[in-house]
Structures are given as C-alpha cells and as structure tokens.
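# Summary of structural features
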Amino acid sequence: MTSTVTTVTRRGISMLRAVAAGRGRLTCSCEPDLFVDGLPCSDQFTAHALAHAGLLRASEPGPLGQPVPAVLTPAGEALLAAA
C-alpha cells in the first residue's frame, strides 16, 4: 500500500535530486535503505517515507538486502520538477 507524503522536506528533495542524478541505490527490502555515492544516507526514516510514498523505487529486482540502482517514479519526477 502506498502512503501519501503531504510535505517533503528540503532533505527529502535533496535525496530525490541525488537519485535523479543517478547517485542513489536502494536495498531490496520492505524497508529500503538509501545509499548516496556509496554511503548510507543519514536519514533512513525519510528514505523509507519517500519509497513508501511511491516517489522512488529500485530500478530492478535484486537479492534481499542488496543495493540496486534507485530511480524516481513519475510522481517523484513531478514533485522534483515542482520543487
């Protein structure tokens, strides 16, 4: 089930920008962790919220817990364009 994010913080926008630039990876899990430039993101709560809101997703399936490239969804692209 996808939840709704009513407010995305500046940090969340920066995370979306990093993913749009091809710098993000998500772990394959029900609580996907975000890595940017190979380093774990310091705000995994926001990363989880962005993923559960349907703003970003893994680009491909992978083994449980393994990071794969992250991509924006159409909703994430629209939110970033409006930011």
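All residue numbers here refer to positions counted from 1 along the written sequence of the relevant chain. Whole-chain, interface and lining totals are the exception, using all residues; otherwise, since this is a predicted model, local features are given only for residues with pLDDT of at least 70 and side-chain atom pairs are given and counted only at 80 or more. Side-chain numbers here rest on the full set of heavy atoms in the structure, without hydrogens or water.

Turning our eyes to something else, we now look at helix α1 (residues 10–20). Remark: exposure states derive from per-residue accessible area (1.4 Å probe, protein chains only) relative to the maximum for the residue type, with buried under 20%, exposed over 50%, and partly exposed in between. Secondary structure elements follow DSSP: runs of H or I no shorter than four residues count as helices, runs of E no shorter than two count as strands, and numbering proceeds from the N terminus. Taken together, the buried positions of α1 are occupied by Gly12, Ile13, Met15, Leu16, Ala18 and Val19. Buried residues belonging to α1 abut β1 (24–27), β2 (34–36), α2 (44–52), β4 (56–58), β5 (67–72) and α3 (74–82). Backbone geometry just after α1 places glycine 22 at a positive phi near 80°. Contacts are assigned to residue pairs with any non-hydrogen atoms lying within 4.5 Å of each other.

On the secondary structure map, threonine 46 appears in helix α2. In this structure threonine 46 touches Gly12 and Met15, once residues within four positions along its chain are discounted.

Further remarks concern the nonpolar core. The set of buried Ala, Val, Leu, Ile, Met, Phe, Trp, Tyr and Cys residues whose side-chain atoms join them within 4.5 Å is what this entry labels a nonpolar core. If you look at the biggest cluster of nonpolar residues, it comprises 18 residues, and the most contacted ones within it are Met15, Leu16, Val19, Leu34, Leu50, Leu56 and Leu72. Looking at this core, the elements with two or more residues in it are α1, β2, α2 and β5. With five residues, the top contributor of residues to this core is α1.

Attention now goes to the environment of alanine 58. Of note, alanine 58 is situated in strand β4. C-alpha separation for the pair alanine 58 and alanine 18, spaced 40 residues apart in sequence, amounts to 14 Å. In this view, alanine 58 contacts Leu26, Val68, Pro69 and Val71; residues no more than four positions away in its chain are not counted.

With that settled, the discussion passes to unusual backbone geometry. Most of the time, phi is negative for any residue but glycine, and the peptide bond is trans. Even without a glycine there, the phi angle at aspartate 37 is positive, about 55°. Its location among the elements puts aspartate 37 in the loop between β2 and β3 (39–40).

Let us look at the state of the cysteines. In this description, a disulfide is simply a cysteine sulfur pair whose atoms lie within 2.5 Å. Applying the stated criterion across every chain yields a total of zero disulfides. Left unpaired, cysteine 28 is separated from the closest cysteine sulfur, that of cysteine 30, by 12 Å. Accessibility expressed as a relative area gives 65% for cysteine 30, which makes it exposed.

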